[in-house]
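# Examination of the molecular architecture
Listed here are the chains, written in short residue letters.
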Amino acid sequence: NLKSVNQVKSNHFETFLQDTWRHESPVGILSFNYGARLSYWSWNREWLFSPRVAMGFVPEKNDNFTFRLATGLYYQRPFYKELRDTVTQNGNTRVELNKNIKSQRSYQIVAGMEYKFRLAQRPFKLTTELYYKAQGNINPYNVDNVKIVYYGQNIAKGFVAGIDLKLYGEFVKGTDSWISFSLMKAQMTLNGKKIPQPTDQRWSMNFFFSDYFPGTTRWKMNLKASFADGLPFGPP
C-alpha cells in the first residue's frame, strides 16, 4: 500500500543579463556572447547564480573555418517526481516531499570547429564538438519498464564527456543529407562506487539521406538510419 498527503506551494524569481561583443581585426573576426542568470525558489530557499560565456572566431586567412568555445555553470531545478522521497517500512509505503533538495548542478565546457568546403561543386560542412560536464548534487533514478523512480535526494556526483562528428551537405544536388558519429561516457559515483549513468550510451551512428524521384523534383524521398550502443537504465 502507498499513502501520501502533500501540498506544494512555492514561488519562483528569476532574472538574467546578456550581451554580445564583436571585433574585426586583420587576424579575423572574434565574437563573445556572455551573461548570467540569478534565480530563487522559495520551496527549498535556494539561490542560484549561473554565469556563462561563448566565444567564436573566424580566421581572416580562411573564413571557411569557424572555431567555438563555450563554458558555464548550469542548474536544473527538480521536478515534482524528483521531490518525492519514498520510504517503505513493513510493506507500508509513505511519500514525503524533500524540502531540503537542491538543484542538480553541472559545469560545462564545449569546444567546436566548423569547416565549409565544396565537393563536386556542391556545398558541404564538417562539424566537430568536444564536451565535458562535471556534475554535482545528482538525484539518481531507476527505470522500471516505462516508470522512472527518483531517489529523492542529492546523493551522487559524476561527469559526462564525449565527441560529436557530423558531415552535412548536398550528396544529391539541391537536397540536404548528413552522417554523424558520436562517442560518450556518462559515469557517476553513488555510495562510493563508480557506476554508469542511465544515459550512458557509449557510441552512436546516424545517417540521413534525401533524394528526388527520377525525372522530377516534385517528389522527394528521405531515408534515416540509427545504430547505437545500448543503455544501462540505472544503477546495477
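Note that this is a predicted model, so its numbers are computed, not measured.

Quick look at the overall build of the protein now. Counting secondary structure elements, the protein contains one helix and 16 strands. A compact globule built from 236 residues should have a C-alpha radius of gyration of about 18 Å, whereas the protein, at 23 Å, is more than 25% larger. Overall, the protein is about 70 × 45 × 35 Å in size when its C-alpha atoms are taken along their principal axes. The buried share of the protein, taken over its 236 residues, is 26%. The long-range fraction of contacts in the protein, counting pairs at least 24 apart against all pairs at least 6 apart in sequence, stands at 54%. Carbon and sulfur atoms make up 56% of the accessible area of the protein, which amounts to about 15800 Å² in all. Placing the 31 positive and 18 negative side-chain charges of the protein at their respective mean positions leaves the two points 6 Å apart.

Strands sit in the order β1-β7-β6 across an open sheet of three strands; the sheet is mixed. Each edge of the open sheet is held by one strand with a lone partner, namely β1 (2-3) and β6 (84-89). Note: β6 against strand β7 (residues 92-97), six bridges, orientation antiparallel. When the bridges of β7 are listed, R84 appears paired with L97.

Moving on: the pattern of salt bridges. Taken as a whole and assessed by the stated rule, the structure comprises five salt bridges. Measuring nitrogen to oxygen at the nearest pair gives 2.8 Å for the salt bridge that ties E96 to R94. According to the relative accessible area criterion, E96 is partly exposed, its value standing at 39%. Taking the shortest distance from any N to any O, the salt bridge between D200 and R202 comes out at 3.0 Å.

Let us now look at the side chain of S50. In this fold, S50 is placed in strand β4 (residues 46-59). There is a polar contact of 2.2 Å between the side chain of S50 and the backbone oxygen of L73.

Using the criterion set out here, one finds 13 aromatic pairs in the structure. Summarising the aromatic geometry, the rings of Y40 and W47 are spaced 4.7 Å apart at their centres and angled 40 degrees between planes, so their arrangement reads as tilted. Residue W47 is classed as exposed on the basis of its relative accessible area of 55%. Considering the side-chain rings of W203 and F227, the 5.3 Å spacing of their centres and the 55 degrees angle between planes classify their relative orientation as tilted. Of the two residues, W203 sits in strand β15 (residues 203-212) while F227 sits in strand β16 (residues 220-228), which places them 24 residues apart along the sequence. By the ring-pair criterion, three or more aromatic residues cluster together here, those being F65, F67, Y115, F117, F124 and F171. One Lys or Arg, K125, reaches over the ring of Y168 and ends 5.7 Å from the middle of that ring. The aromatic ring of W178 is capped on one face by K166, whose charged end is 4.6 Å from the ring centroid.

Although it is not a glycine, A120 adopts a positive phi angle of roughly 55 degrees. Tracing the backbone through its elements, the reader meets A120 in the loop between β8 (104-119) and β9 (122-138). The exposed category is assigned to A120, whose relative accessible area is 61%. Even without a glycine there, the phi angle at N137 is positive, about 55 degrees.

Okay, the pairing of strand β11 (residues 147-150) next. Looking at chain direction, strand β10 (residues 141-144) and β11 are connected through four bridges and run antiparallel. For N142, the partnering residue across the bridge sits in β11 and is V149. Count of turn residues in the β10/β11 antiparallel hairpin: two residues, of which N145 carries a positive phi of about 60 degrees.

Reading the values: rules and limits
- Residues numbered from 1 in each chain as written.
- Predicted model: local features only at pLDDT ≥ 70, side-chain atom pairs only at ≥ 80, totals over all residues.
- Heavy atoms only, no water.
- Helix = DSSP H or I, 4+ residues; strand = E, 2+ residues; numbered from the N terminus.
- Rg over C-alpha atoms; globule rule 2.2 N^0.38 Å.
- Buried < 20%, exposed > 50% of the residue type's maximum accessible area, 1.4 Å probe, protein only.
- Contact = heavy atoms within 4.5 Å.
- Areas by Shrake-Rupley, 256 points an atom, 1.4 Å probe, with all protein chains shown as cover.
- Lys, Arg positive; Asp, Glu negative; His and termini not counted.
- Charge placed at Lys NZ, Arg CZ, Asp CG, Glu CD.
- Pairing = 2+ DSSP bridges.
- Salt bridge = Lys/Arg side-chain N within 4 Å of Asp/Glu carboxyl O.
- Polar contact = N/O pair within 3.5 Å; in protein donor to acceptor, adjacent residues only side chain to side chain.
- Phe/Tyr/Trp six-rings, centres within 6.5 Å; stacked < 30°, edge-to-face > 60°.
- Lys NZ or Arg CZ within 6 Å of the ring centre and 35° of its normal.

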